[in-house]
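Breakdown of the fold
Given next are the chains, with one letter for each unit.
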Amino acid sequence: MLSVLPSRPLLRVAGAILFQRRRPAPFHAAAQAYAHRIEASRQGRVREPESAFGGAQSSQPSGRSLIRSFAGGQAVNGGTHRPEPQVAPMEVEVKIRLPDRAAYDKVAAALSAASSSSDISPAAPGADISSSSAGGRIASHAQANYFFDGPARELNSRKVVLRLRTYNGDEKATVTLKGRQILENGIGRASEVECEVPPAAAARYLAAPSDMLREVDIVRTAADKFGLNSLVGLGGFRNQRDCFRWRGHTLELDETAFEHGTLYEIECETDRPEELRDQLEAFLRQLGVSYSYSGTSKFANFINKSLL
C-alpha cells in the first residue's frame, strides 16, 4: 500500500499499480468481489434499488430509437425513457464512433491542417467544410481514468459512476460523479458534477480510495445520500484526447485503450447537439470517413469488456 505521495514521480507509480494485470492482493480481492456481485445482479439474484441520480443508457443509430439501460454493469433492452429529476448539471455532448486508427488519423490530419482563422463563423451552405471550417489542434491530454464503488455496489446499483482522472501524469486531477446517461442517435445527456483535486491527493486516493469520502465534497455528499462507508477500486483505462477548434466548438478526438481493445471517438459538448451532429456527419462524409453513433459509454465498455 502507498501512503501520502507528495512528489511528482510517485503519481506515475501509483497509476501504474492499478493498470498492472497482476494487481495487489487487496485490490484484486475487492474487484473480484465486485465482479461477482455484478454477475449476481445480471442473474436476478440481487434487487437493484431505485436512484434519483441516474445511470448509463445507450442507443443504436437505427430507424427506431432503442434505449438500453445500464443496470448492474450490463446493457439491457428497455422501454421509452421517462425523464427523472436530476441533482446535477446536465452534460450534453455529441458522440460519434470512428471505425479504426486509419479513420482517426485522417480526421486528426484534416483538423490539424485547417486554418485557425476560419472557425470564427459557420461555413456558408454548400461550402467545403472538410477543412475550411476547422481551427487546428489546441490541446492534448494523456488521461488515466480510474473508477470506484462501494464494496456492495452502492453507487453503480443506483446508476452512479465515480471517476478519478489524471491529466498528463501529474499535471492535473479531477474527481467526477456521473448520473444516468441517455445516449440516443449520437447524442449523450447525463447529470454530472466534477471538482479538481491536487495531483498528490489523487495519487493517495489510488491506494486509499476511502479517503475521498472524507476529503472530496461531492463524494462525501454522495456517501451521505447512498449510505456509502468505504470505496474499492475497480481499475480503469487510458485515453489520449486531442482537442481541436472547429466551427466555434471544441472537438475532442479520443483514442481509448482498454485491456480488451481500443476505440476511437469524436466527442463535443454543445447546447445545440442535433445541429452539431449533422455538421460533423457532413464533415466526415466529405473526408470519406465512415462512422457510427457511439453505442454506449466508455465506463460501460470498460465494465462489460465491450467495444460498442
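The paragraphs below set out a description of the structure included in this document. In this text, all values refer to a predicted model and were calculated from it rather than measured experimentally. (Residues numbered from 1 in each chain as written. Predicted model: local features only at pLDDT ≥ 70, side-chain atom pairs only at ≥ 80, totals over all residues. Heavy atoms only, no water.)

**A word on the nonpolar core**
The biggest cluster of nonpolar side chains holds 25 residues, and the ones touching the most others in it are L162, L164, V175, V197, M212, V216 and V219. Residue assignment for this core shows that the elements contributing at least two residues are β5 (134-149), β6 (161-167), β7 (172-184), α4 (199-207), α5 (211-215) and α6 (217-226). If one sorts the elements of this core by residue count, α6 sits on top with 5 residues. One finds V107, A108, I266 and L284 within the second-largest nonpolar core, a separate group that totals 22 residues. (Core = buried A, V, L, I, M, F, W, Y, C linked by side-chain atoms within 4.5 Å. Buried < 20%, exposed > 50% of the residue type's maximum accessible area, 1.4 Å probe, protein only. Helix = DSSP H or I, 4+ residues; strand = E, 2+ residues; numbered from the N terminus.)

**Here's the deal with the pairing of β6**
Of all 7 residues making up β6, 7 are buried, and the element is well covered by its neighbours. Taken together, the 7 bridges between β6 and β7 define a ladder with antiparallel strand orientation. Bridge pairing links V161 to K178 in β7. Linking β6 to β7, which pair antiparallel, is a turn of 4 residues; within it N168 sits at a positive phi near 50 degrees. (Pairing = 2+ DSSP bridges.)

**A few points about the pattern of salt bridges**
Within this structure, the stated rule accounts for 24 salt bridges. Ionic pairing is found between E267 and K95, a salt bridge with its closest N-O pair at 2.6 Å. One end of the pair, E267, is in strand β11 (residues 261-269); the other, K95, is in strand β4 (residues 90-98), and 172 residues separate them in sequence. Both residues of the pair, E267 and K95, belong to the buried class. Between R204 and E215 there is a salt bridge, with the nearest N and O atoms lying 2.9 Å from each other. Within this pair, whereas R204 is found in helix α4, its partner E215 is found in helix α5, the two being separated by 11 residues in sequence. (Salt bridge = Lys/Arg side-chain N within 4 Å of Asp/Glu carboxyl O.)

**Description of the pairing of β7**
In terms of burial, β7 is largely enclosed, as 11 of its 13 residues are buried. With 9 bridges connecting them, β7 and strand β8 (residues 187-196) associate as antiparallel partners. Residue pairing across strands places L177 opposite V193, the latter belonging to β8. Hairpin geometry of β7 and β8 is characterised by an intervening segment of 2 residues between the two adjacent antiparallel strands and by a positive phi of about 55 degrees at N185.

**Structural notes on the state of the cysteines**
Here the structure, examined in full by the defined rule, presents 0 disulfides. C243 takes part in no disulfide bond, and the closest cysteine sulfur to it belongs to C268, at a distance of 9.8 Å. (Disulfide = S-S within 2.5 Å.)

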